[in-house]
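Chain residues, written in single-letter form:
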Amino acid sequence: DQQVKQNSPSLSVQEGRISILNCDYTNSMFDYFLWYKKYPAEGPTFLISISSIKDKNEDGRFTVFLNKSAKHLSLHIVPSQPGDSAVYFCAASPSGAGSYQLTFGKGTKLSVIP
Amino acid sequence: DAGVIQSPRHEVTEMGQEVTLRCKPISGHNSLFWYRQTMMRGLELLIYFNNNVPIDDSGMPEDRFSAKMPNASFSTLKIQPSEPRDSAVYFCASRDTRGSNQPQHFGDGTRLSIL
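These lines cover the structure that appears in this document, whether it is placed above or below. (Residues numbered from 1 in each chain as written. Chains lettered and ligands numbered in written order. Predicted model: local features only at pLDDT ≥ 70, side-chain atom pairs only at ≥ 80, totals over all residues. Heavy atoms only, no water.)

Here's the deal with the sheet that holds strand S7 (residues 62-67) of chain A
Residue and element names in this part refer to chain A. Ordered in space as S1-S3-S8-S7-S6, the five strands form an open sheet in which the pairing is antiparallel. Whereas interior strands pair on both sides, the edge strands pair on one side only; in this sheet they are strand S1 (4-5) and strand S6 (56-59). Two elements, S6 and S7, share four bridges in a ladder whose sense is antiparallel. The residue of S7 that forms the bridge with Glu-58 is Thr-63. (Pairing = 2+ DSSP bridges. Helix = DSSP H or I, 4+ residues; strand = E, 2+ residues; numbered from the N terminus.)

Structure representation (C-alpha cells):
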C-alpha cells in the first residue's frame, strides 16, 4: 500500500521549458512534504519543502505547490536546465512525534534535453 | 561543510559473511537514520536513532540486521549472516531535530552485493 505515489516514472523536457513533477498521497496525517533530487551513485539531496499550512513555496527556479484537498503536490522547475536531469523523490511525514517518519515515492526520472 | 559520510561505497561479499556498514553523521545533528533502497520497494526506513538511542527499529527486516550508535559521530549497520536478498543500496541520513521541519541529509550510500 503506497502512501506516496509518483505515477510518472520518467519525464523528458526541452531545456528552457517548464518541468512539472507530480506526487499524490493518501495519508491525511501527512503534514510536511519534501522533494529530493538524486544523481546516479549519490545520495538524495534535499531540494525544497512545504508545510501543510501553505499552498506554495518558492526557491529560485523551484516551486512546490500543495493541494491538501486533493492530496496532491507538484514541483515546478522553470526554466529547466540539463543539470536538472536526475531522479526526483517526493516525501511526506506527519507532524509531532512521528515527524521523523519520511515516506518516499518511488521517484520520477527527469531528463532535460539540450 | 562535510556531509554524511558512509563507508564503504561498495561491498561485494559471499552469502553467509558478516557485513558492516559505517556512517558518520553531520556534526551537530542529533538524529540518524538508516535506509535501504531497492527497485521493488524504493527507499525504506530501517532504523532511527535520536541522541544515540534507537527509537524506532520496526523497519529492520530480520534479526540478522542490527545497528548501533556508540556515540554522536558514528553508527554501524551490521548484517550477519548476509543473504543474496540483502543486496541493495543502504543510505545513512542525519538531521538536526532542534529546529522545526529540518530535512534529513543523506550520505552517498553503500552499494551492497551479496553473491
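Once you've had a look at it, read on.
What about the packing of aromatic side chains?
For the coordinates displayed, the defined rule picks out 12 aromatic pairs over all chains. With 5.9 Å between their ring centres and 70° between their planes, Tyr36(A) and Phe46(A) make a pair best called edge-to-face. Taken together, the residues Tyr36(A) in strand S4 (residues 30-38) and Phe46(A) in strand S5 (residues 45-51) connect sequence positions 10 residues apart. Put simply, the rings of Tyr36(A), Phe46(A), Tyr100(A), Phe104(A), Phe33(B), Tyr35(B), Tyr48(B), Phe91(B) and Phe106(B) pair up and form one aromatic cluster. (Phe/Tyr/Trp six-rings, centres within 6.5 Å; stacked < 30°, edge-to-face > 60°.)

Considering the sheet that holds strand S3 (residues 19-24) of chain B
Backbone hydrogen bonds are what pair the strands of a sheet, in a parallel or an antiparallel way. Residues and elements named next belong to chain B. As summarised here, the arrangement of the four strands in space is S1-S3-S8-S7, forming an open sheet in which the pairing is antiparallel. The open sheet is flanked by strand S1 (5-7) and strand S7 (65-71), the only strands paired with a single partner. Sheet twist, expressed as the mean angle between neighbouring strand axes with direction ignored, is 15°. Pairing of S3 with strand S8 (residues 74-79), which is carried by five bridges, proceeds in the antiparallel orientation. (Axes fitted to C-alpha atoms, helices over the stretch in contact; angles between N-to-C directions.)

A short note on the interface of chain A and chain B
Each partner contributes residues to the interface: chain A has 17 residues there, and chain B has 20 residues. Here chain A packs against chain B, burying approximately 1500 Å² in sum over the two surfaces, 58% of which is carbon and sulfur. On inspection of chain A and its partner chain B, the count reaches zero salt bridges. The tally of links between chain A and chain B comes to six residue pairs in polar contact (both at pLDDT 80 or more). (Contact = heavy atoms within 4.5 Å. Buried area = accessible area lost by both parts, 1.4 Å probe. Salt bridge = Lys/Arg side-chain N within 4 Å of Asp/Glu carboxyl O. Polar contact = N/O pair within 3.5 Å; in protein donor to acceptor, adjacent residues only side chain to side chain.)

Looking at the state of the cysteines
The final tally for this structure, using the stated rule, is two disulfides over all chains. Sulfur-sulfur distance for the disulfide between Cys23(A) and Cys90(A) comes to 2.0 Å. Judged by the sign of its S-S torsion, about -75°, the cystine formed by Cys23(A) and Cys90(A) is left-handed. Of this pair, Cys23(A) sits in strand S3 (residues 19-25) while Cys90(A) sits in strand S9 (residues 86-94), and the two are 67 residues apart along the sequence. Given a relative accessible area of 0%, Cys23(A) falls into the buried group. The buried category is assigned to Cys90(A), whose relative accessible area is 0%. Covalent S-S linkage joins Cys23(B) and Cys92(B), the inter-sulfur distance amounting to 1.9 Å. Taking the torsion about the S-S bond as the criterion, the Cys23(B) to Cys92(B) disulfide, at about -70°, is left-handed. Of this pair, Cys23(B) sits in strand S3 while Cys92(B) is found in strand S9 (residues 88-95), placing the two residues 69 residues apart along the sequence. (Disulfide = S-S within 2.5 Å. Buried < 20%, exposed > 50% of the residue type's maximum accessible area, 1.4 Å probe, protein only.)

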